[in-house]
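Spelled out from the first residue to the last, the chains are:
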Amino acid sequence: MLEVKKVGIISCSGEEFAGGCLSRIASRRVLESSRPGRTVTICLPLFLAGGEEERYFTQNFPTITIDGCEKRCAFRATERLSGKVTKAMTVSEMLGQDVAIDAPFSQRQLNSEREKQIEKVRIALTEAVDEIIGKTSEEDVITPLNPPPGMRLL
Ligand code: SF4
């Protein structure tokens, strides 16, 4: 059996606070730029609605939850629906509660301050992925992936 080295990142879907916006954008950047091919993001609303592949993944692969604020919606939903998460993170712990509960913003409103905040969250998430499955090595590149039955690699 070949090992599939991937980590699922589950971001809260908060639209009411800046923390939710920061966690979503940073997660996307880890997936697309920092650790492409080694991470998948899981859609929290689909997961909550019972998406089978999403639940299969969270039950069988390491997961990181990243929440905007102390309410920790993604963490609590994941633990309730699929068991223990590997690492739980919150924007409020990283950047402070004031930043986390600031007004939400859109991608069009990004400025240098927001970029710095996103970068801090992105780096912390990337380090968490590396802690869990190690840094990318040549072996990872040449190891063929063989997903378990019923699962497609995202
Ligand atoms: S963790 Fe906070 S920001 Fe995220 S969805 Fe829940 S209340 Fe909203």
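These remarks concern the structure in this document. Numbering of residues starts from 1 in every chain and runs along the sequence as written. The predicted origin of the model limits local features to residues at a pLDDT of at least 70 and limits the giving and counting of side-chain atom pairs to 80 or more, whereas totals for whole chains, interfaces and linings rest on all residues. Only heavy atoms go into the side-chain values, all of them from the structure, while hydrogens and water stay out.

### Things to note about the packing of helix 1 (residues 18-34) against helix 7 (residues 112-133)
Piece 1. Axis lines are fitted to C-alpha atoms, over the contacting stretch for helices. Their N-to-C directions set the angle, which ranges from 0 to 180 degrees. Strands are runs of DSSP state E lasting at least two residues, helices are runs of H or I lasting at least four, and both sets are numbered from the N terminus onward. Contact pair helix 1 / helix 7: the axes reach a minimum separation of 8 Å and the direction vectors enclose 60°. Taken as axis vectors, helix 1 and helix 7 run oblique relative to one another. Pair helix 1 / helix 7 crosses with right-handed handedness. The segment helix 1 lies against helix 7, with Ala18, Leu22, Ile25, Ala26, Ser27, Arg29, Val30 and Ser34 engaging Arg114, Glu115, Gln117, Ile118, Val121, Arg122, Leu125 and Thr126. Throughout, the term roughly parallel applies to angles under 35 degrees, roughly antiparallel to angles over 145, roughly perpendicular to angles from 65 to 115, and oblique to all others. If you view the pair so one helix is near and one far, a crossing is left-handed when the near helix is turned anticlockwise from the far one by less than a right angle, and right-handed when it is turned clockwise. Working rule for contacts: check all heavy atoms of both residues, and any pair within 4.5 Å makes them a contact.

### Quick notes on the site of the ligand
Piece 1. Surveying the vicinity of the ligand reveals the residues Cys12, Gly14, Glu16, Phe17, Asp67, Gly68, Cys69, Lys71, Arg72 and Cys73.
Piece 2. Residue polarity is assigned by list, with Asp, Glu, Lys and Arg as charged and Ala, Val, Leu, Ile, Met, Phe, Trp, Tyr, Cys and Pro as nonpolar; anything else, Gly included, falls into the polar class. Split into classes, the residues belonging to the shell around the ligand amount to 4 nonpolar, 2 polar and 4 charged. Here a residue counts as near a molecule or strand whenever at least one of its heavy atoms sits within 4 Å of it.

### Quick notes on the pairing of strand 1 (residues 7-11)
Piece 1. Throughout this description, buried means an accessible area under 20% of the type-specific maximum (1.4 Å probe, protein chains only), exposed means over 50%, and partly exposed covers the range between. Counted residue by residue, strand 1 has 5 buried out of 5 residues, so it is predominantly covered.
Piece 2. Taking every second residue as pointing to the same face, both faces of strand 1 are buried, with Val7, Ile9 and Ser11 on one and Gly8 and Ile10 on the other.
Piece 3. Bridge analysis of strand 1 against strand 2 (residues 39-42) gives 4 bridges, and the strand direction is parallel. Across the sheet, the residue bridging to Gly8 is Val40, located in strand 2.
Piece 4. With the strands aimed away from the viewer, a crossover counts as right-handed if its path from the first strand over the helix to the second runs clockwise. With helix 1 bridging strand 1 and its parallel neighbour strand 2, the resulting β-α-β unit is right-handed.
Piece 5. Whether two strands pair depends on DSSP finding at least two bridges between them. Across 4 bridges, the pairing between strand 1 and strand 3 (residues 63-67) is parallel. Residue pairing in the sheet places Gly8 in a bridge with Thr63 of strand 3.

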